[in-house]
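Architecture and fold: a report
Listed below are the residues making up each chain.
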Amino acid sequence: MKMGFRWYGEGNDTISLDDIRQIPGVETIVWSLHHKQAGELWEPGEIEAEMEKITGLSRYDREHGITKTFNADVVESVNVHESIKTGKTMLGMSRDEALDNYVKTIENLGKAGVKVVTYNFMPVFDWLRTDMFHPSPDGSTALYYDAHKVAELTDPQKLVDETLEGANGLTMPGWEPERLAHLPEFIEAYRGIDHDKYYENYKVFLDAVIPTCEKYDVKLAVHPDDPAFDLFGWPRVVSSKEGIQRVLDLNPSPYNGLCLCLGSFSSRRGNDPVDAVKTFMDRIHFSHVRNIKFLDEAGSFSEVGHRASEGDVDTVGIMKAYAEADYQGYIRPDHGRHLWDENTPEHKPRPGYGLYDRALGIQYLLGVWDTVRYGK
Ligand code: DNO
Ligand code: MN
């Protein structure tokens, strides 16, 4: 297993590579070209420049005797253009053109040495919460989902406005203001697309991309829907064990795999994360391990610390399952709460991506891993 940490790039993240270097156990920086819109081609030069930053050492590092380096094996995400998901020309781009750019991007990433490319196949939005800095009983803040609030929302535009306001001016993948300015077009395009049709469109995507993944040894890894159920009447198809199995069956290549996010997967009542890890082990290329706590019968939840007893996700069982199988893929802690000096009006980090709670989470996850693996 290789432990990773998501980094949003220089000038776009409040956390530096040198901060991350001091977290014991981190080997992989999970990165992306965050200025790229879905559908755009990633050029070799810009890929290499970003990877060099991650894998190399700065002048400051060299002058201070810092030698620890990272690999840049995992990209999260190359986002999928809405024309691929709907099968229709959208925002002036045809499905074929978007597929072509995706395939070439995979080729460019593979040639540069990237091993895993993560993406999601959610309609319109990426992960969705109603509150970015919800106060927890211990004084920290966390990402929060109020099921009643979403049930009452008839217009997704209101949620978009609130989410963008809560982002503290930082970019959030899947929530690009330029793209979401076209929300009415998206709503129109998704009319009449049911789950079956969506799986069909999904298969077109996989069949177009997987041969290039095989050729350049890049594993494709889908992130489950977050939260893992339909919203606003749009079809979500990576929400349950059956849904995941169906996606894997759409294209049986081992390169068609998972970024199994256990926090997202667990947001659907009845989903069993430990069972999912054991069932899909062979197709898990990357995994996010974190905890959530359900707050009511409607399914509202708050994100909580990574320790199993803090919430409803059996993070110990998950890590034990990975360790017993001697999992060879990548893991990262996913979101964290905001703690200590992150939690002030003057200093607000990117929602869900503070430093401290993710660093604490990593130590907990590695503790379980090491306990199982020790002496083997
Ligand atoms: C949330 C992340 C997701 C994930 C995408 C993958 O913080 O886990 O946004 O990166 O869904 O495309
Ligand atoms: Mn995740």
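Here, the structure is the one placed above.
As the structure is a computational prediction, the values presented were derived from the model and not from experiment. (Residues numbered from 1 in each chain as written. Chains lettered and ligands numbered in written order. Predicted model: local features only at pLDDT ≥ 70, side-chain atom pairs only at ≥ 80, totals over all residues. Heavy atoms only, no water.)

All right, on to the site of ligand 1 then. Taken together, 14 residues form the shell around ligand 1, and within it Glu 76, Ser 77, Asp 126, His 335 and Tyr 353 come nearest. Between ligand 1 and the protein, one listed contact pairs an oxygen atom with a side-chain N or O atom of Trp 127 at 3.4 Å. In the model, an oxygen atom of ligand 1 is placed 3.0 Å from a nitrogen or oxygen of the His 223 side chain. Relative to its free-state accessible area of 320 Å², ligand 1 is covered by the protein chains to the extent of 99%. Its residues placed into classes, the shell around ligand 1 shows four nonpolar, five polar and five charged. (Near = heavy atom within 4 Å. Polar contact = N/O pair within 3.5 Å; in protein donor to acceptor, adjacent residues only side chain to side chain. Areas by Shrake-Rupley, 256 points an atom, 1.4 Å probe, with all protein chains shown as cover. Nonpolar A, V, L, I, M, F, W, Y, C, P; charged D, E, K, R; others polar.)

Counting through the fold element by element, Leu 295 comes out in the loop between β10 (291–294) and β11 (301–304). For the pair Leu 295 and Asp 146, spaced 149 residues apart in the sequence, the C-alpha separation amounts to 8.9 Å. With near-sequence residues (within four places) excluded, Leu 295 lies in contact with Tyr 144, Ser 300, Phe 301 and Ser 302. (Helix = DSSP H or I, 4+ residues; strand = E, 2+ residues; numbered from the N terminus. Contact = heavy atoms within 4.5 Å.)

What follows is about the coordination of the manganese ion (ligand 2). Surrounding the manganese ion (ligand 2) are the protein donor atoms His 223 (NE2), Cys 261 (SG), His 288 (ND1) and Asp 334 (OD), which sit 2.2 to 2.5 Å from the metal. Given the relative accessible area of 0%, His 288 is considered buried. Look at Asp 334 and you get buried, because its relative accessible area is 1%. (Donors = N, O, S within 2.8 Å, 3.2 Å for Na, K, Ca; no water. Buried < 20%, exposed > 50% of the residue type's maximum accessible area, 1.4 Å probe, protein only.)

Each pocket or cavity is described by its volume, and for the largest pocket that value is around 330 Å³. Residue lining of the largest pocket: 25 residues in total, with His 34, Lys 36, Gln 37, Pro 173 and Glu 176 positioned closest to the centre. Of all the elements in the fold, those that place two or more residues in the lining of the largest pocket are α5 (95–112) and α8 (177–180). Here the element with the most residues in the lining of the largest pocket is α5; it accounts for three residues. Considered class by class, the residues forming the lining of the largest pocket number twelve nonpolar, nine polar and four charged. The computed volume of the second largest pocket comes to approximately 230 Å³. What lines the second largest pocket is a set of 14 residues, among which Lys 219, Ile 284, His 285, Gln 328 and Gly 329 lie closest to the centre. For the lining of the second largest pocket, the class distribution of residues is six nonpolar, three polar and five charged. (1 Å grid on protein atoms, 1.4 Å probe; cavity = no way out; pocket = protein on both sides within 12 Å on 5 of 7 lines; lining within 4 Å. Points joined across faces, edges and corners; volume = space filled by probe spheres on them.)

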